[in-house]
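# Observations on chain architecture
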Amino acid sequence: MEELITIMFFIILISVIIAILSLRYTIRLRKYLEEFIYVSKKISNKEFHTRLNISAKGELGELAKNFNEMIEIMDSTITEVEYNHLQMTSILKSISQGILAIDIDGNIMLINEEAKRMLKCSKYKTIEGNNINLVIKEEKILKEILLFKSSKKSKKIEITTEEDIVYEISLDPIYLQDINNIIIGSIINIEDITEKVKLENMRSDFVANVSHELKTPLTSISGFVETLKLNENIDINTRNRFLGIIESESDRLKRLIEDILLLSFIEKKGNALLDSVSIYEVFIEVYDMTSYMAREKNIKLLYEFEDKSLKVLGNRDYIKQVILNLVDNAIKYTPENNKICVEVFKKDESIIMKVIDQGVGIPQEDINRIFERFYRVDKARSRDVGGTGLGLAITKHIVKSLGGTIKVKSELGKGSEFTVTIPSKNFL
Ligand code: ADP
């Protein structure tokens, strides 16, 4: 009986010990579970720096270690992905061209700010992920992209928008990496080539104009030479008149070629040789060169210098050319018995030079065009007075190379006022 009681006692004792141990284990397990839940919640809140703080041994310890390592890998992978994304968006942002990538259904996979602006993407929608039909408002380009979608052959096109912006658009298929015949979308590269096209047009216009301008006097010269050759008995007066025409047409050719060369030289080299140039001294040289023309038309050529010691940092010949072109034009386009005044003074840290005439004036609609090469308000009049149509284009280029501006005010039949402003950094 006593033996039975002892056995029973031991059984109860062992059961109590097992119960206590199980309870302790359950409490510890619960604590670890709570830690797991807490950490996993933090991870799902993107707090990847959080780690399990479990110092358990055995399988639980192994699990905690593996869990922490998993977070570590996840953390570094996400940091890498974020860095790559940042790199990609920075590159896309820095590209001056518009870049757009779409999937096979026309959903936007990638687009940079430049492309959003060029394609007039609606500002109120999230662009990425949306269909091009919903966000692109530049109809002409949208039409081309839709036409190209899922095409296998790259394409390059030029589009002029309603606002006269010229875009060069390259459309290329996107192939699934390493698998050449599976297309997953298109990549579109848009470049604004408005300025380039304008320059090309200007260049070809210039070539056409030059050829035309050179052809006119040449045709006239060869015509008169031919006439003189064929008519040996031509009377002396007619012969002299013809020779006179040949001479003046040759002079015109020479002036034209000189002006064309000067213009291209200035365009290429800017203000090459810089000197400290006295405006007054240069003006007096121009005065000596032109006053006889003014006298012939009984035009008073007046001048007023606030400070005769004013100096400009620039190329002497070019500065002389500016003054000469403006004074020469004023005399050419002013009828007899009037006056012309040249004023030079300092204002707001700039040198101002005004050439004011009482001439024929310039119609308002032509005012903005007179600085273009070969633009002449009245072609016949310009030709009669020996103009090449390049004087003001040359003048504007020189003034620009000095960092200055040239403006004109004019009233038809009353006269014109040309104002050249040269900023302080360019005078001494
Ligand atoms: P051009 O050699 O024909 O004078 P410019 O380039 O010097 O060429 O001038 C361009 C045109 O601007 C001239 O043909 C003329 O119609 C007009 N113009 C220039 N200066 C004057 C002026 N002072 N008064 C009236 N018209 C002018």
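Residues numbered from 1 in each chain as written. Predicted model: local features only at pLDDT ≥ 70, side-chain atom pairs only at ≥ 80, totals over all residues. Heavy atoms only, no water.

### Brief notes about the domain arrangement of the protein chain
Defined as follows: Domain boundaries shown here were taken from an automatic or database domain assignment.
Domain boundaries in the protein chain define domain 1 (2–90), domain 2 (96–192), domain 3 (195–271) and domain 4 (272–428). For domain 2 versus domain 3, the distance between C-alpha centres works out to 50 Å.

### Examining the nonpolar core
To be explicit about the condition: In this description, a nonpolar core means a group of buried Ala, Val, Leu, Ile, Met, Phe, Trp, Tyr and Cys residues linked to one another through side-chain atoms lying within 4.5 Å. Categorising residues by exposure relies on relative accessible area from a 1.4 Å probe, with only protein chains included: less than 20% of the type maximum marks a residue as buried, more than 50% marks it as exposed, and the intermediate range marks it as partly exposed. Any two residues whose heavy atoms approach within 4.5 Å are treated as being in contact.
Of all hydrophobic cores here, the largest spans 51 residues; its most connected members are Ile323, Leu326 and Phe418. Of the domains in this structure, domain 3 (195–271) and domain 4 (272–428) are the two that each give at least three residues to this core. Ile323 has contacts with Ile279, Val282, Phe283, Val286 and Met353, leaving out every residue within four places of it along the chain. In this structure, Leu100, Ile141, Leu142 and Ile145 belong to the second largest nonpolar core, which totals 23 residues.

### Overview of the site of the ligand
We apply this condition: Proximity criterion: a residue is near a molecule or strand once any of its heavy atoms comes within 4 Å of it. Per-residue accessibility takes into account occlusion by the displayed protein chains alone, with areas from the Shrake-Rupley method and a 1.4 Å probe. A run of H or I in DSSP becomes a helix once it reaches four residues, and a run of E becomes a strand once it reaches two; helices and strands are each numbered from the N terminus. In this classification, the charged set is Asp, Glu, Lys and Arg, the nonpolar set is Ala, Val, Leu, Ile, Met, Phe, Trp, Tyr, Cys and Pro, and all remaining amino acids, among them Gly, are polar.
Around the ligand, 21 residues are found, and the nearest of them are Asn329, Tyr333, Ser382, Thr388 and Leu392. Contact with the protein chains removes 97% of the 520 Å² of surface that the ligand exposes when unbound. The greatest single-element share of the shell around the ligand, amounting to three residues, is contributed by helix H9 (residues 316–332). When its residues are assigned to classes, the shell around the ligand shows 10 nonpolar, eight polar and three charged.

### Focus on the side chain of Thr388
The condition that has to hold: The term polar contact refers here to a pair of N or O atoms within 3.5 Å; inside protein, the definition further demands a hydrogen-donor-capable atom paired with an acceptor-capable atom, and it admits residues adjacent in sequence only when both atoms are side-chain atoms.
Take Thr388: it is sitting in the loop between helix H11 (379–384) and helix H12 (391–401). Engagement of the side chain of Thr388 in a polar contact is seen with the side chain of Asp259, the distance being 2.7 Å. A distance of 3.2 Å separates a polar side-chain atom of Thr388 from the backbone nitrogen of Leu390. Excluding residues that lie within four positions of it along the chain, Thr388 makes contacts with Arg255, Leu256, Asp259, Phe374 and Arg376.

### Description of the sheet that holds strand S4 (residues 166–175)
Cut-off, in case you're wondering: Strands pair, by our definition, only if DSSP identifies at least two bridges between them. Fitted lines through C-alpha atoms serve as axes, helices being fitted only where they are in contact, and the angles separating the N-to-C directions of these axes extend from 0 to 180 degrees.
Reading across from one edge, S2-S1-S5-S4-S3 is the order of the five strands in this open sheet, with antiparallel pairing throughout. The open sheet has two edge strands with one neighbour each: strand S2 (108–111) and strand S3 (155–160). Neighbouring strand axes in the sheet, compared pairwise and without regard to direction, differ in orientation by 20° on average. With three bridges connecting them, strand S1 (residues 98–103) and S2 associate as antiparallel partners. Bridge assignment links Leu100 to a residue of S2, and that residue is Ile111.

### Quick look at the pairing of S3
Where S3 lies against S4, six bridges are found, and the strand directions are antiparallel. Paired with Ile159 across the two strands is Tyr167, which belongs to S4.

### A word on the packing of aromatic side chains
Under the convention used in this document: Only Phe, Tyr and Trp rings take part, Trp by its six-membered ring, and two of them pair if their centres are within 6.5 Å. Stacked means planes under 30 degrees apart, edge-to-face means over 60, and tilted covers everything else. By definition here, charges over rings are those cases where NZ of Lys or CZ of Arg is within 6 Å of the ring centre and within 35 degrees of the ring normal.
By the definition in use, this model includes 11 aromatic pairs. Seen in terms of ring centroids, Tyr280 and Tyr303 are 6.4 Å apart; in terms of plane orientation they differ by 55°. Their pairing is tilted. On the criterion of sequence distance, the pair formed by Tyr280 in helix H8 (residues 279–296) and Tyr303 in strand S7 (residues 300–305) is long-range, its members being 23 residues apart. Chaining the aromatic ring pairs together yields one cluster made of Tyr280, Phe283, Tyr287, Tyr303 and Phe305. The ring centre of Phe206 lies 4.6 Å from the NZ or CZ of Arg373, which sits over that ring.

### Comments concerning unusual backbone geometry
Although it is not a glycine, Asn298 sits at a positive phi angle of roughly 55°. Residue position: Asn298 is located in the loop between H8 and S7. Despite not being glycine, Glu349 shows a phi value in the positive range, around 65°. For Glu349, the location among the structural elements is in the loop between strand S9 (339–347) and strand S10 (350–357).

### Concerning the sheet that holds strand S11 (residues 405–411)
As summarised here, the arrangement of the five strands in space is S7-S9-S10-S12-S11, forming an open sheet in which the pairing is mixed. Lying at the two open borders of the sheet, with one neighbouring strand each, are S7 and S11. When strand polarity is set aside, the average angle formed by the axes of neighbouring strands in this sheet is 15°. Bridge analysis of S10 against strand S12 (residues 415–423) gives seven bridges, and the strand direction is antiparallel. Within S12, the residue paired with Ser350 across the bridge is Pro423. Contacts from H9 reach S7, S9, S10, S11 and S12 within the one sheet, and its direction differs from that of S10 by about 20°.

### Considering helix H2 (residues 58–94)
Along an α-helix, a turn takes 3.6 residues, which lines up residues three or four apart on a common side. What counts is decided by this rule: Given a helix with a known number of residues, its expected span is that number minus one, times 1.5 Å.
Here H2 contains 37 residues, and its C-alpha end-to-end distance of 54 Å stays within 8% of the 54 Å for a straight helix at 1.5 Å per residue. Leu60, Gly61, Ala64, Phe67, Asn68, Ile71 and Leu92 are the residues of H2 that are buried. At its buried positions, H2 is contacted by helix H1 (2–44), S1 and S2.

### Considering helix H6 (residues 194–230)
Taking 1.5 Å per residue, 37 residues should reach 54 Å; H6 reaches 53 Å between its end C-alpha atoms and fits that length. Taken together, the buried positions of H6 are occupied by Thr194, Val197, Phe206, Val210, Glu213, Pro217, Ser220, Ile221 and Leu228.

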